[in-house]
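Chain by chain, the residues run as shown.
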Amino acid sequence: MDSPVKDIPAAASAAVPGAQAAAAPAPAPGRAGRLGPVALVVAGGLSVQFGSALAVLLMPRAGALGVVTLRLVLAAVVLLAVCRPKVRGYGRADWGTVLAFGAAMSGMNILFYLAVDRIPLGAAVTLEVLGPLALSVFASRRLVNLLWAGLALGGVVLLSGGGFDRLDPAGAGFALAAGAMWATYIVFSARTGRRFPQADGLALAMAFGAVLSLPFGIVEAGDRLLVPSTIGLGLAVALMSSVLPYTLELLALRRLPAPTFAILMSLEPAIAATAGFLVLHQALGLTDALAIALVIAASMGAVRTQVSRSR
C-alpha cells in the first residue's frame, strides 16, 4: 500500500484509506484494460463497507471500541506476518512519521465506529468523506472548488434534515471528526509511503494503531474480547475492512491511473448505504439518497478539478 507520493495535493485527490498508493504514478491503459483493475477497486470498496456492516453486528458483543481493537490488532498481526517489515535503518523523522500515521489510523477508526454505533452506516460514511474532500479543496486552491464545497454542504444539510438532532448529534459529530482524522491519515500515509518500502510502513503503522486502541477496547469489552466466536468475527472484520481491500487496491493501482481510482472511491457513501440496507436493514429515504448523491458528485468534481490542474 505504501507507494511513493509526490505531493499532498495528489494524496488529497485520492481521498481514500491507502491514498499513498492511490497517488502513485500509474500507466494509462486502454479502456478494455481498465475493466479488471476497476473490478478490483469496486470489490475493495464492497469489502470495506460490508466489513463495516459486519462490525456493527459485532458491536453488541464487544462494543464499538472493542470492535476497533479487534480489527486493528488482528489486521496488524496479519500484515506483520505477511510483510515482515524491517525496523533497522530508519531515523527519528521516519519513525515520527509512521507513528503519526498509526495514531491517525487509530483515531479515524475509533471515531468512525463510535459514529456507526449511533447513526446509519451510509450517513456516517457520507459525513466522514467530507474530511478528504475538504483536504482536496484546500490543496487545490481554485475558486471552482468552492462550488464543490457548497454542493457537499448542501448534501450535509439535507442529510441532517436541517439539524443533526435527526441523526443523533453525537454520532454525526463522531463521523465529522473521523473525516478530519481521515484527512490527517491521507497526509501521513503519503509521507510514510515516501519513507518506507513496499507495505512496511502500513504494517508498522497498523501495529502502533492497534497498541493505541488496545486500552480502550479492554476498558469497554474486557474479557469479552477473548471469546472465540467474537475473535472469529473480529478477524472477518479485519480481513474485510483492512487486509483484503488494501491488497485489491495494490493490485489495481499497478494498472489503473490514480485519478480514476480516486473517482471510483468517491462512490464509498453509496456502497456504504447499500451495505447498511442489505445487512443492517437501514432503509434510506429519498432525501437521504439525494444527500449522498450530492456529496458523491462534489467528491468527483473536486477530483476532476485537481486532475485538470495537475495537467
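Just above sits the structure.
Now for a quick tour of the structure.

What counts and how
The numbering scheme is per chain: residues are counted from 1 as the chain's sequence reads. Side-chain atom pairs in this predicted model are given and counted only at pLDDT of 80 or more, local residue features only at pLDDT of at least 70, and totals for whole chains, interfaces and linings cover all residues. Water and hydrogen atoms play no part in the side-chain values, which are based on all heavy atoms of the structure. Salt bridge, as used here, is a side-chain nitrogen of Lys or Arg placed within 4 Å of a carboxyl oxygen of Asp or Glu. Comment: elements are numbered from the N terminus, with helices defined as DSSP H or I runs of at least four residues and strands as E runs of at least two. Note on classification: 1.4 Å probe, protein chains only; a residue is buried when its accessible area is under 20% of the maximum for its type, exposed when over 50%, partly exposed between these limits. Two aromatic rings, drawn from Phe, Tyr or Trp (for Trp, its six-membered ring), form a pair once their centres lie within 6.5 Å of each other, and the interplanar angle then sorts them: stacked below 30 degrees, edge-to-face above 60, tilted otherwise. Throughout this description, the term charge over a ring refers to an Arg CZ or Lys NZ atom that lies within 6 Å of the ring centre and within 35 degrees of the ring normal. Among buried residues, those of type Ala, Val, Leu, Ile, Met, Phe, Trp, Tyr and Cys that are joined through side-chain atoms within 4.5 Å constitute a nonpolar core. In this description, contact between two residues means that some pair of their heavy atoms is separated by no more than 4.5 Å. One fewer than the residue count of a helix, multiplied by 1.5 Å, yields its expected span. Fitting axes to the seven residues that end at a residue and to the seven that start at it, the angle between those axes gives the bend at that residue.

### Considerations on the pattern of salt bridges
Logical step 1: One pass over the structure, following the stated rule, counts one salt bridge.
Logical step 2: Salt-bridge contacts for R195 lead to D94; the nearest nitrogen and oxygen are separated by 2.7 Å. In this pair, R195 is assigned in helix α8 (residues 169-195) and D94 in helix α4 (residues 92-116), connecting sequence segments 101 residues apart.
Logical step 3: The exposure class of R195 is partly exposed, given its relative accessible area of 38%.
Logical step 4: For D94, a relative accessible area of 14% gives the class buried.

### Focus: the packing of aromatic side chains
Logical step 1: A complete count under the given rule lists five aromatic pairs for this structure.
Logical step 2: Relative to W95, the ring of Y90 has its centre 6.0 Å away and its plane inclined at 85°; by these criteria the two rings are edge-to-face.
Logical step 3: Ring plane angle 35° and centroid distance 4.4 Å describe the contact between Y90 and F196, whose orientation is recorded as tilted. Taken together, the residues span a long stretch of sequence, with Y90 in the loop between α3 (31-83) and α4 and F196 in the loop between α8 and α9 (200-221) at a distance of 106 residues.
Logical step 4: Connected via pairs of aromatic rings, a cluster forms that spans Y90, W95 and F196.
Logical step 5: Above the face of the F188 ring, R191 is positioned so that its terminal group lies 5.2 Å from the ring centre.

### As for the environment of L290
Logical step 1: Position of L290 among the secondary structure elements: in helix α13 (residues 286-310).
Logical step 2: Assessed through its relative accessible area of 45%, L290 is described here as partly exposed.
Logical step 3: Placed 132 residues apart in sequence, L290 and L158 show a C-alpha to C-alpha distance of 7.8 Å.

### Re the nonpolar core
Logical step 1: Counting residues in each nonpolar core, the largest one holds 71 residues, and the members touching the most others are F112, Y113, L121, L127, Y185 and M206.
Logical step 2: The element contributing the most residues to this core is α3, with 17 residues.
Logical step 3: Those residues in contact with M206, other than ones at most four positions away along the chain, are L72, A75, A76, L79, M105, S242 and Y246.

### Some words on α9
Logical step 1: Given a rise of 1.5 Å per residue, 22 residues ought to cover 32 Å, and the 30 Å separating the end C-alpha atoms of α9 matches this to within 8%.
Logical step 2: Along its length, α9 reaches its greatest deviation from straightness, about 35°, at S213, and the proline P215 lies no more than four positions downstream.
Logical step 3: Among the residues making up α9, those that are buried are D200, G201, L202, A203, L204, A205, M206, G209, A210, S213, G217 and A221.
Logical step 4: Just beyond α9, the residue with positive phi is G222, at close to 60°.

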